[in-house]
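# What the coordinates show
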Amino acid sequence: MKFRSVFDIIGPAMIGPSSSHTAGAARIGRMARMLFGRPPKKAEFVLYGSFAETYRGHGTDVALVGGILQFDTFDPRIKDALLMAKDLDIDILISKADDPEEHPNTVRVILTDDQGSLEIKGISIGGGKIEVKEAGGFAVNLTGDYWTMLVFHEDHFGMIASIAQVLADHQINIGSMHMSRKGKGQEALLLIETDQPMDDDAMGSKIEAFAHVHGVRIIAPL
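In this text, all values refer to a predicted model and were calculated from it rather than measured experimentally.

A separate point is the pattern of salt bridges. With the rule as written, the count across this model stands at 10 salt bridges. Note that Lys182 and Glu187 form a salt bridge whose closest N and O atoms lie 3.9 Å from each other. Given a relative accessible area of 42%, Lys182 falls into the partly exposed group. Three or more residues are tied together by salt bridges with common partners; here these are Arg108, Glu119 and Glu134.

For the rest of this paragraph, the subject is the sheet that holds strand S7 (residues 147-154). By definition, the strands of a sheet pair up through backbone hydrogen bonds, in either a parallel or an antiparallel sense. Read from one edge of the open sheet, four strands run S8-S9-S7-S10, paired in antiparallel fashion. The open sheet terminates on both sides in strands that have one partner only, identified here as strand S8 (174-181) and strand S10 (213-219). Between one strand axis and the next, the sheet turns by 10° as a mean value, whatever way the strands run. Contacts from helix H7 (residues 200-208) reach S7 and S10 within the one sheet, and its direction differs from that of S10 by about 160°.

Right, let's get into the side chain of Thr106. Along the chain, the position of Thr106 falls in strand S3 (residues 105-113). Contact partners of Thr106, with chain neighbours within four places excluded, come to Val46, Leu47, Tyr48, Phe51, Glu101, Lys121, Gly122 and Ile123.

Below, the discussion takes up the sheet that holds strand S1 (residues 42-48). Strands sit in the order S2-S1-S3-S4-S5-S6 across an open sheet of six strands; the sheet is mixed. In this open sheet, the two strands that pair with only one neighbour each are strand S2 (91-96) and strand S6 (138-142). Going from strand to strand, the sheet's axes swing by 20° on average, the running direction of each strand aside. Here strand S5 (residues 129-135) pairs with S6 via three bridges, running antiparallel. When the sheet's bridge partners are listed, Glu134 is paired in S6 with Ala139. Against the sheet, helix H3 (residues 49-58) touches S1, S2, S3 and strand S4 (116-126), its axis set at about 110° to S1. With respect to the sheet, helix H4 (residues 60-68) is in contact with S1, S2 and S3, its orientation differing from that of S1 by roughly 140°.

In this section: H7. Because each turn of an α-helix spans 3.6 residues, side chains separated by three or four positions in sequence point in the same direction. By the burial criterion, the buried members of H7 are Met203, Gly204 and Ile207. Along the axis of H7, the buried positions cluster into a sector of 85°, meaning they face one direction only. Where H7 is buried, its residues touch S7, helix H6 (159-169) and S10. Its side-chain oxygen at 3.0 Å from the backbone nitrogen of Asp201, Asp199 defines the N-terminal cap of H7.

Conventions and cut-offs
Residues numbered from 1 in each chain as written. Predicted model: local features only at pLDDT ≥ 70, side-chain atom pairs only at ≥ 80, totals over all residues. Heavy atoms only, no water. Salt bridge = Lys/Arg side-chain N within 4 Å of Asp/Glu carboxyl O. Buried < 20%, exposed > 50% of the residue type's maximum accessible area, 1.4 Å probe, protein only. Pairing = 2+ DSSP bridges. Helix = DSSP H or I, 4+ residues; strand = E, 2+ residues; numbered from the N terminus. Axes fitted to C-alpha atoms, helices over the stretch in contact; angles between N-to-C directions. Contact = heavy atoms within 4.5 Å. Arc of directions from axis to C-beta. Polar contact = N/O pair within 3.5 Å; in protein donor to acceptor, adjacent residues only side chain to side chain.

Written out as structure tokens, the structure is:
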């Protein structure tokens, strides 16, 4: 990972003590909440490596919960996130795992409600920067640095062209595009990063109405 500026190393404005264990954790939680698209009734966090060893002392637990409450890294309410989640009747489970991971600051987040669940795998890479490596069973590489659209759909001919046309109709330039699928004709995820903001009502709703599309998420930069 190459840092673009000194601020990427120092980290964002944040509630401390650690850009990796606190700010990064808050951003992973917030990304999970944005991908889920609604308030969860249950949030489970499985911590690995350094996250598992130091999460209480570094406030990783409250930062992750603050993230799913949609608090930014500098929000002073983060320190009270566990109590606030309890007041909102959100069931919080935090556990540690010994399984080796590619990065020591790794967490799996599982958000659940009556409509379903979503699991993501996120890592905090330093300076408050994050990467989400898995979402909904698909390999991804989400950093939260760009406007991003995720389209969950069935693998079907013409799908990418149809979605790209909606963006072109709104004069949205595609910066990058990646598709993962579980097999030919099976579930797939199209991930698109753009240079301009995307409107959920104008674009997301239209794409979600397409045949073979199961869901659309538009994520603003964190």
